[in-house]
Amino acid sequence: MLEIKDLSVHYGRAIALASINLEIKSGEFIAVIGPNGSGKSTLLRAISGLVELERGTVHYNDELLVETTNSRYKKMGRNKTLLPHEIVKRGVVHCPERRRLFPKLTLKENLMLGAYLFKDEVEENERRFQDVLELFPALKDRLHEEAGNFSGGQQQMIAIARSLMGRPKILMLDEPSLGLAPIIRSDIVDRIKEIAKQGTTILLIEQDARLALSVADRAYLLEDGVVASEGLCSEMIENDYIHETYLGFS
Ligand code: ADP
Ligand code: MG
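Here the residue index of a chain counts from 1 through its sequence in written order. In the order they appear in the text, chains get letters beginning with A and ligands get numbers beginning with 1. Local features are withheld for residues below a pLDDT of 70 in this predicted model, meaning they are given only at 70 or higher, and side-chain atom pairs are given and counted only at 80 or more; totals for whole chains, interfaces and linings count all residues. Side-chain measures were taken over the full set of non-hydrogen atoms in the model, leaving aside hydrogen atoms and water.

Visitor: Which residues make up the sheet that holds strand 4 (residues 55–60), and what values go with them?
Guide: Two strands in a sheet stick together by hydrogen bonds in their backbones, pointing the same way (parallel) or opposite ways (antiparallel). Pairing between strands is defined by DSSP: at least two bridges between them are needed. The secondary structure listing takes helices from DSSP runs of H or I that are at least 4 residues long and strands from runs of E that are at least 2 residues long, numbered from the N terminus. As summarised here, the arrangement of the four strands in space is 2-1-4-5, forming an open sheet in which the pairing is antiparallel. The open sheet is flanked by strand 2 (14–24) and strand 5 (63–67), the only strands paired with a single partner. Neighbouring strand axes in the sheet, compared pairwise and without regard to direction, differ in orientation by 25° on average. Sheet topology places strand 1 (residues 2–11) next to strand 4; five bridges connect them, and they run antiparallel. Of the residues in strand 4, the one forming a bridge with I4 is V58. It only takes one pair of heavy atoms within 4.5 Å for two residues to be counted as in contact. For every element, the axis is a line fit to its C-alpha atoms; helices are fit only across the contacting stretch, and the angle between N-to-C directions ranges from 0 to 180 degrees. Those strands touched by helix 1 (residues 40–47) are strand 1, strand 2, strand 4 and strand 5, and its axis lies near 115° from that of strand 1.

Here's what the structure looks like:
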C-alpha cells in the first residue's frame, strides 16, 4: 500500500533520514519507534510532501506520491512530487505532533476542517461526523466549546477525530501519547486499536516503545535517521538490544 524506497532527508547539512526503506501493507498496524531526534516526524513529513527529499521515493498503491526534487535528479526529469493536499485526498492522512488544533474554533469546527477537501459532500461528512462521535463519545456534549479549553488528552482525541474526517485509508499518527498521563494514553491507544479494527491502516510514530510494540503488528526502530531494526513486534520485544535500550529492565 505504502512503499518507501531509499528515502533521505537533509536539513541543510544535517542528515535527518538516510536511505530509509519501509513498506506497509493494507490493513497493517505499523509502529515506528526511536529516541527523540531520530527522524520519526521527518519520516511522516516526507510521506506527506512537507519536506524535500534528498533522495528516494514514496509510492502509494503503486502511484508515485513523492520523489526527490534534488537538482541532480531534476535534470533527469524526475520531479513529480504531489502537493500535500493531493496526498491527503488519496487517503494518506497525517495527524501531526502536538495536535495543531485551532484553539479558538469550536470542537465541531475543528472536526469539520478535517473534511475540507470534501466540503461539498455535506451528507457524507455529517454521516462520518456521527461515526467519529461514536468512537469518541466523550466529545459529544461539548461540540460548541473552543478546542483550546479541552485537556491535553481530549485535544489529542479531537486531533485524531479531525484526521478521521479527512477519510484516511492510512492514518499516520505522530506521537499521540506525548505528554499525557498513562491512563489517558491507554484510552487513546484503545481508540487507535478500534480505528485499526474498523479497517484503517495505521502508521503510529511513538517514543514509548513499550506502548507501541504492545499494539502494532510490525515495527521499525529508527536511530540517528537510519532503520536500526525492523520486524514483528513480538520479535522486537524479545530482541536483547531493544529490550535493554528501550524497554528497561522490567
Ligand atoms: P523525532 O521526531 O524522531 O524526534 P525529527 O524528525 O523531528 O525527530 O528530527 C530529526 C532530526 O532533524 C533532529 O536532529 C532534529 O533536530 C532535526 N530537525 C528536525 N526538524 C528540523 C528543521 N526544520 N530544521 C533543521 N533540523 C531539523
Ligand atoms: Mg517527532
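On we go from here.
Visitor: How would you summarise the site of ligand 1 if you had to cite specific residues and measurements?
Guide: Around ligand 1 sit Y11, A16, P35, N36, G37, S38, G39, K40, S41, T42 and R45, and that is every residue in its neighbourhood. Here a polar contact is taken to be a pair of N or O atoms separated by no more than 3.5 Å, where protein atoms must pair a possible hydrogen donor with a possible acceptor and residues adjacent in sequence count only if both atoms sit in side chains. Contact distances for ligand 1 include 3.2 Å between an oxygen atom and a side-chain N or O atom of N36. K40 is positioned such that a nitrogen or oxygen atom in its side chain is 2.8 Å from an oxygen atom of ligand 1. Using a 1.4 Å probe, the Shrake-Rupley method yields the accessible areas, and only the shown protein chains count as cover for residues. For ligand 1, the protein covers 59% of the area, taking 560 Å² as the surface of the free molecule. Whether a residue is near a molecule or strand is decided by its heavy atoms; if any one of them lies within 4 Å of it, the residue is near.

Visitor: Which residues make up the pairing of strand 6 (residues 92–95), and what values go with them?
Guide: The side-chain alternation of strand 6 yields two buried faces, one formed by V92 and H94 and the other by V93 and C95. As judged from the four bridges shared by strand 6 and strand 7 (residues 170–174), these two strands associate in the parallel manner. Residue pairing across strands places C95 opposite L173, the latter belonging to strand 7. With a 1.4 Å probe rolled over the protein chains alone, any residue whose accessible area is under 20% of its type maximum counts as buried; one over 50% counts as exposed, and the rest are partly exposed.

Visitor: Lay out the nonpolar core in plain terms, naming residues and giving numbers.
Guide: Counting residues in hydrophobic clusters, the biggest one holds 47 residues, and the most contacted among them are L111, F136, I160, L173, I192, I202 and L213. The element best represented in this core is helix 6 (residues 152–165), accounting for seven residues. Contacts of I160, omitting those with residues within four sequence positions, involve C95, F136, L173, I188, I192 and I195. L17, Y60, L203 and L222 belong to the second-largest nonpolar core, a separate cluster that totals 29 residues. In these notes, a set of buried Ala, Val, Leu, Ile, Met, Phe, Trp, Tyr and Cys residues joined through side-chain atoms within 4.5 Å is what counts as a nonpolar core.

Visitor: An account of the pattern of salt bridges is requested, with residue identities and associated values reported.
Guide: Any Lys or Arg side-chain nitrogen found within 4 Å of a carboxyl oxygen on Asp or Glu counts as a salt bridge. All told, the structure shown has 14 salt bridges when counted by the stated rule. Counted as one network, the salt bridges with shared partners bring together E124, R127, R128 and D131.

Visitor: Please provide a residue-by-residue account of the side chain of S177, values included.
Guide: Position of S177 relative to the elements: it lies in the loop between strand 7 and helix 7 (182–197). If near-sequence neighbours (up to four positions away) are discounted, S177 is found in contact with R185, E206 and L211.

Visitor: Could you give me a rundown of the side chain of Q156, with the residues and numbers involved?
Guide: Topologically, Q156 is positioned in helix 6. For Q156, a relative accessible area of 1% corresponds to the buried category. Apart from residues lying up to four places away in sequence, Q156 is in contact with C95, R99, E175, P176, L180 and I188.

Visitor: Help me get a handle on the sheet that holds strand 6, residues and values and all.
Guide: One open sheet holds the six strands; their spatial order is 6-7-8-3-9-10, and the pairing between them is mixed. The strands lining the two open edges of the sheet, one partner per strand, are strand 6 and strand 10 (226–232). In this sheet, adjacent strand axes meet at a mean angle of 15° when their direction is disregarded. Here strand 3 (residues 29–33) runs beside strand 8 (residues 201–206); their pairing, made up of five bridges, is parallel. What sits directly across from F29, in strand 8, is I202. Running at roughly 165° to strand 6, helix 6 makes contact with strand 6 and strand 7 of the sheet.

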